[in-house]
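Read off the chains here:
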Amino acid sequence: MNGLRRLLDRLSIYLPLIVMALLASGSWWLVRSVPALLTPEVNKPVRQDPDYRLVDFSVKSFNASGRLSREIMGDKAQHYPATEALHIDQIRIYAVSDSGAKMNARAEQGVATDDGTQVTLIGNAYAIKHPQETRPQIELRGERLVALPDEDRVVSTDPVQITRDRDVFTADSMNFNSSTGEHVLQGRVRGTLTPQPRKTP
């Protein structure tokens, strides 16, 4: 009985030290673990491969009144989070402005940004602005055309051909307003103007 009491007395002397040792080891583990848990993954590499794919798809956008403003279609598409862009095979575009001007475009490939502010047409790019009231039909051709839907513009820094009614122009670069039909040509600009038929009295 006395021996048991002496053992308990000794344990009571060392118990605070044991508890402090356990607390110290727990604090050390906490200090090492918590920063890794709380530190945001700032340097985490962005995924380079596609995160989703589409087949025979159509994406539509509507204006504030609920009217269709543009539609992007394609045979296949892959989305790359690293560039925040959708790469589209056999892209087709339909767009209509608030003034009612309609435009269609197509190309072998297309790259559309996630925010929808830019669509690049690559490979046999073609766009047509349909006639509206007194404004004639206008066709654009080139290896690369860049559509800026929010600005109603199509631009290119590559050689282009513009057909306005029966007149044909070529230039090294172009800035085309798809709403008004006005276009600014730069570089080596050449044009072939076809005389308009005389109106019979």
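This is a predicted model, so every value here is computed, not measured.

**A few points about the overall build of the protein chain**
Here's step 1: For the protein chain, the helix and strand inventory stands at 1 helix and 12 strands.
Here's step 2: Reading the secondary structure of the protein chain in the N-to-C direction produces α-β-β-β-β-β-β-β-β-β-β-β-β.
Here's step 3: Per-residue burial for the protein chain yields a buried fraction of 29% across its 201 residues.
Here's step 4: A fraction of 37% describes how many contacts in the protein chain between residues 6 or more apart in sequence connect residues 24 or more apart.

**A look at the pattern of salt bridges**
Here's step 1: Counting across every chain of the model gives 6 salt bridges.
Here's step 2: We note a salt bridge from R141 to E139, for which the minimum N-O separation is 3.2 Å.
Here's step 3: Under the relative-accessibility criterion, R141 is labelled partly exposed at 36%.
Here's step 4: A relative accessible area of 14% places E139 in the buried class.
Here's step 5: Residues E151 and R153 are paired through a salt bridge, measuring 2.5 Å at the closest nitrogen-oxygen approach.
Here's step 6: We classify E151 as partly exposed; its relative accessible area is 45%.

**Let's talk about the confidence of the model for the protein chain**
Here's step 1: Mean pLDDT over the protein chain stands at 81; residues scoring 70 or higher make up 75%.
Here's step 2: Looking over the protein chain, one finds the lowest element-wise mean pLDDT in helix α1 (residues 2-38), namely 49, and the highest in strand β5 (residues 119-129), namely 95.
Here's step 3: Here residues 26-31 scores under 50 on pLDDT; set against residues more than four positions off or in separate chains, the count is 1 contact.

**A short note on the pairing of strand β1 (residues 52-62)**
Here's step 1: Pairing analysis gives 10 bridges linking β1 to strand β2 (residues 68-80), with the strands arranged antiparallel. Bridge pairing in β2 links V59 to I72.
Here's step 2: Following β1, the chain reverses through 5 residues before pairing antiparallel with β2; G66 in that reversal takes a positive phi of roughly 90 degrees.

**Structural notes on a negative patch on the surface**
Here's step 1: On the surface, D51, E84, D114 and D115 cluster together into a negatively charged patch.
Here's step 2: Looking at the element boundaries, D114 is found in the loop between β4 (102-113) and β5.
Here's step 3: Residue D114 is classed as partly exposed on the basis of its relative accessible area, which comes to 45%.

**Topic: the environment of D98**
Here's step 1: Locating D98 in the fold gives a position in the loop between β3 (85-96) and β4.
Here's step 2: The class of D98 is exposed, set by a relative accessible area of 67%.
Here's step 3: Measuring from C-alpha to C-alpha, the distance between D98 and R67 comes to 9.3 Å, with 31 residues separating the pair along the chain.
Here's step 4: When neighbours within four sequence positions are excluded, D98 is seen to be in contact with N63 and R67.

**Comments concerning the nonpolar core**
Here's step 1: Counting 26 residues, the largest nonpolar core has I88, I91, V119, L121, L140, L145 and M174 as the members making the most contacts within it.
Here's step 2: Within the residue set of this core, elements represented by two or more residues are β2, β3, β4, β5, β6 (138-148), β8 (160-164), β9 (167-171) and β10 (173-177).
Here's step 3: Other than its neighbours up to four places away in sequence, L121 contacts I91, I93, A105, R106, A107, Q109, E143, R144 and L145.

**What to know about the side chain of T163**
Here's step 1: With respect to the helices and strands, T163 occurs in strand β8.
Here's step 2: With near-sequence residues (within four places) excluded, T163 lies in contact with Q137, I138, E139, R141 and V168.

**Considering the side chain of S178**
Here's step 1: Along the chain, S178 falls in the loop between β10 and β11 (183-186).
Here's step 2: Residues in contact with S178, not counting those within four places in the same chain, are A101, M103, K129, D152 and R153.

**Describing the environment of S97**
Here's step 1: For S97, the location among the structural elements is in the loop between β3 and β4.
Here's step 2: Between the alpha carbons of S97 and S179 there is a distance of 6.4 Å; along the sequence they are 82 residues apart.
Here's step 3: For S97, the residues in contact, after removing those within four places along its chain, are R67, D152 and S179.

Cut-offs and rules
Residues numbered from 1 in each chain as written. Predicted model: local features only at pLDDT ≥ 70, side-chain atom pairs only at ≥ 80, totals over all residues. Heavy atoms only, no water. Helix = DSSP H or I, 4+ residues; strand = E, 2+ residues; numbered from the N terminus. Buried < 20%, exposed > 50% of the residue type's maximum accessible area, 1.4 Å probe, protein only. Contact = heavy atoms within 4.5 Å. Salt bridge = Lys/Arg side-chain N within 4 Å of Asp/Glu carboxyl O. pLDDT = per-residue confidence, 0-100. Pairing = 2+ DSSP bridges. Patch = residues over 30% accessible without salt bridge, like charges linked within 9 Å, V, L, I, M, F, W, Y side chains within 5 Å. Areas by Shrake-Rupley, 256 points an atom, 1.4 Å probe, with all protein chains shown as cover. Lys, Arg positive; Asp, Glu negative; His and termini not counted. Charge placed at Lys NZ, Arg CZ, Asp CG, Glu CD. Core = buried A, V, L, I, M, F, W, Y, C linked by side-chain atoms within 4.5 Å.

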